[in-house]
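Residues per chain, in single letters:
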Amino acid sequence: MPQHERPSASPLLTIDDLGVVFGSGSKSVQALDGVSLEIGRGESFGMLGETGAGKSLTAWSAVGLLPFGAERVRGRIVYDGQELSGLSETEMRSLRGREIAIVLQNARGALSPTTRIGDQMAYAYRAHVACTKEEAYERALQGLRDVGIPDPKRRARGYAHELSLGMGQRVVIAMALLHDPKLLIADEPTSGLDVTIQAEVLDLLHELVRDKGTALWLITHDLGVIASYCDRAAVMFAGEVVERCSVDDLFRDPRHPYVKGLLDSRLPEGQAERLHIAGPPPDLTTRVPGCRFAYRCPWVEQQCRDAAPPLQELVRGHEARCWVAQQVAAGERRPPDRERPIAPEVRR
Amino acid sequence: MSERRTAADAARNNGRPADPAAPLVRVRALMRHFSLDRRHRVKAVDGVDLDIPKGTALGLVGESGSGKTTLGRCLLRLIDPSDGSIEFEGRELTDLGARDMRALRSRMQMVFQDPLGSLDPRQRVFSIVEEPLLLLTDADREERRRRVVEMIGHVRLSEAHLERYPHQLSGGQQQRVGIARALVTRPELCVLDEPTSALDWPVRAEILELLASLRVGFGLSYLVISHDLAAVRRVCDRIAVMYMGRIVEEGPTQALFARPAHPYTTALLSARLEPEVGARAARRRLGGDVPSPVAPPSGCRLHPRCPIAVEDCRRVPQELLPIAADHRVACMRVTGDDAIDWPPDWQPGGDLKLTDAREETGG
């Protein structure tokens, strides 16, 4: 499949060596440290990681919406050949929503509770396009129709609280796609939804971006979402990208021990050995000299504690941040024996 | 093995031998209705039959609002059922008084959905795990300490954790504390409500492995309530699928995942996003949304959304009937254990839209 090639010479979005810090002095938290990624035009890019790994923060940084107290300390963000850090807030605003749109987890939270759905969609349209209210409203109705909402006219007169969760998420998607953006960022768009609704919403999202040629940046902690909808993926841990490759490679040939452990936690049937990587979240307030995953890594060596490994290309288009990644992949190292969970003795 | 267990049961029942054939839990025609106002009631659980044989794990799956959690809570009488019968080791629970029920509580426990929210933020882990022993047993101080320490080891926490407060623990550790609290009285039945939601994948895998090993070690029976199909598949022997307050299919885990029979189960399983590249199965989509539980459809509750519904489905309520040994389905259109023919380009006609249901609610 051709879409698993690396993106062409000019990617749509390039993030290079991004660093974001919360607070200052001894209490500061290095939330993002040297995050680099590229998203090609029209590709589906997945971002995977556990809670607090910095997935959402990376996306928010990219569109200039850093949360309060966070500061970008280094790095470049280039969108469509344009360096974003030089832009004024006004220029950023004209980009957000029009060129780059965002779908958040909580649809009802993203919609205004007091404005009719059609009206708020029309406002969103008129924010970037000079047109009459009637034209904007027409566009809003068309948007609702595109996401398969039955009886859009009636729905447009309704309010957000009248929508089911799945329906709400469809409205938010319709709103995000009003301006035919080139990049759609979807941050955990379906967590908390039931499986049937999750599949429906993601199938729809996937279909729409494919038809319109929109690039999709899908942020999730769910391996199933990545496998089903993405071409390439980056895995984050403790504010760093630890592996970056095609989704095929990620599932078939993971190189970073964290990613290997993550794949082992999928609960396949009849699995005899599993790499155990669960542990407390990393402490981002202290800067460790070595690899940030070392404290949970089954393969850890002295080298890993002394120096932080760089994100290096192992084979074409497949990068991992690990000193022992080559050996891990070549099967030269087996997972170290660890105490298997033993059934407790029956004593009544 | 089974002989030993039966002997142990007999000892616990004060010499009265339990019927070895009787399941640990037997639920018949269970109902729980909630009144909204004088005219409107939500039938959260509406006629459920199920058995949990000793030492087995039953998974209860279904979407939000299908009544899974209400059923689980009724089982332990955390809420009282409106009608029907619940037998625990052949003993009817629904007419037990508060005192008798309390005496049974140490033998049936629950692990709650939200690990942090279900732990008292002002108590240390030790007191949290000790509390059921204080309330439900007459163990003395030393005995309680011993049992708490032992149980905290079984859930793979260390004694150092006993002095911590819940907010000082990670999500996985909080869930382990919840499990320790439930198991410290050595119950025979444990109801687990969404034991792995809100956990990251590696932690989820560890919790599921822990639950599986505890079950073997303690000879526990589980009712696992979850919308995480992969999780119940891992832990449970049998699966029951709920839709709008009723069980629509019930069978052995392997058979049910390999050959779902009921149209609802088929649709539910086809919506899974398998964490494998290229594993995407054809979606089996139902029409429309789940109708309002205040005005459930007549006959089979799935009929307005079902691709294979016929006129009779609208009129005749469906009973759970066996299609194979140990595999029951509530669908008149399913006869053998062959997969149903899902019309490839099926479009729901005349479906109940959510709006319509809501308007009925309002009226």
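What you see is a predicted model; the values in this text were computed from it and never measured.

Thoughts on the interface of chain A and chain B
No. 1: The partner chain B presents 43 residues to the 37 residues of chain A that form the contact.
No. 2: Listing elements by their share of the side of chain A that touches chain B, those giving two or more residues are α8 (195–212), α9 (223–229), α10 (247–252) and α11 (257–264) of chain A.
No. 3: No other element matches α9(A), which puts five residues into the side of chain A that touches chain B.
No. 4: Taken together, the residues that form the side of chain A that touches chain B break down as 20 nonpolar, eight polar and nine charged.

Section: the nonpolar core
No. 1: Counting residues in hydrophobic clusters, the biggest one holds 194 residues, and the most contacted among them are A:V171, A:W217, A:L218, A:A233, B:V224 and B:V241.
No. 2: Of all the elements, helix α7 (residues 201–218) of chain B adds the most residues to this core, at eight residues.
No. 3: Every residue in contact with A:W217, bar those within four places of it in the chain, is listed here: A:I39, A:F45, A:M47, A:A59, A:L183 and A:I185.

Concerning the sheet that holds strand β11 (residues 312–315) of chain A
Residues and elements named next belong to chain A.
No. 1: Reading across the sheet, the eight strands line up as β6-β7-β8-β3-β9-β10-β12-β11 and stay open at both edges, with mixed pairing between neighbours. Of all the strands in the sheet, the pair left with one neighbour each is β6 (100–103) and β11. For this sheet the average axis-to-axis angle between neighbouring strands, irrespective of direction, equals 20°.
No. 2: Inspection of the sheet shows strand β3 (residues 44–49) paired to strand β8 (residues 215–220) by five bridges, in the parallel sense. Paired with M47 across the strands is I219, a residue of β8.

Here's the deal with helix α7 (residues 165–176) of chain A
Helical geometry note: an α-helix holds 3.6 residues per turn, so side chains three or four residues apart project in the same direction.
Residue and element names in this part refer to chain A.
No. 1: For α7, which comprises twelve residues, the first-to-last C-alpha distance of 17 Å matches the rise-based estimate of 16 Å (1.5 Å per residue) to within 8%.
No. 2: Burial runs high along α7: eleven of the twelve residues are buried.
No. 3: Here α7 has its buried residues at G166, M167, G168, Q169, R170, V171, V172, I173, A174, M175 and A176.

What to know about unusual backbone geometry
No. 1: With phi around 55°, A:D17 is a residue other than glycine that occupies positive phi space.
No. 2: Here A:D17 is to be found in strand β1 (residues 13–22).
No. 3: One non-glycine residue, B:R156, adopts positive backbone phi at about 60°.
No. 4: Counting through the fold element by element, B:R156 comes out in the loop between α5 (141–154) and α6 (171–183).
No. 5: For B:R156, a count of 19 C-beta atoms within 10 Å corresponds to the partly exposed category.

A word on the environment of A:I39
Residue and element names in this part refer to chain A.
No. 1: With respect to the helices and strands, the residue I39 is situated in strand β2 (residues 29–39).
No. 2: Given 25 C-beta atoms within a 10 Å radius, I39 is considered buried.
No. 3: As a C-alpha pair, I39 and S10 span 29 residues in sequence and 9.5 Å in three-dimensional space.
No. 4: Residues contacting I39, with those up to four places away along its chain left out, are P11, L12, L13, F45, L183, A215 and W217.

Focus: the packing of α6(B) against α7(B)
How two helices pack is summed up by the angle between their axes together with the distance between the axes.
Residue and element names in this part refer to chain B.
No. 1: Packing of α6 against α7 brings their axes to within 10 Å, and their N-to-C directions diverge by 15°. It follows that α6 is roughly parallel to α7 by the angle criterion. For the element pair α6 and α7, the recorded crossing hand is right-handed. Between α6 and α7, the contacting residues are G171, G172, Q175 and L183 on the first element and V203, E206, I207, L214 and F218 on the second.

Rules used throughout
- Residues numbered from 1 in each chain as written.
- Chains lettered and ligands numbered in written order.
- Predicted model: local features only at pLDDT ≥ 70, side-chain atom pairs only at ≥ 80, totals over all residues.
- Contact = placed C-beta atoms within 7 Å.
- Helix = DSSP H or I, 4+ residues; strand = E, 2+ residues; numbered from the N terminus.
- Nonpolar A, V, L, I, M, F, W, Y, C, P; charged D, E, K, R; others polar.
- Core = buried A, V, L, I, M, F, W, Y, C linked by C-beta atoms within 7 Å.
- Buried ≥ 20, exposed ≤ 12 C-beta atoms within 10 Å, placed from the backbone.
- Pairing = 2+ DSSP bridges.
- Axes fitted to C-alpha atoms, helices over the stretch in contact; angles between N-to-C directions.
- Expected span 1.5 Å × (residues − 1).
- Parallel < 35°, antiparallel > 145°, perpendicular 65-115°, else oblique.
- Left-handed = near helix turned anticlockwise from the far one by under 90°.

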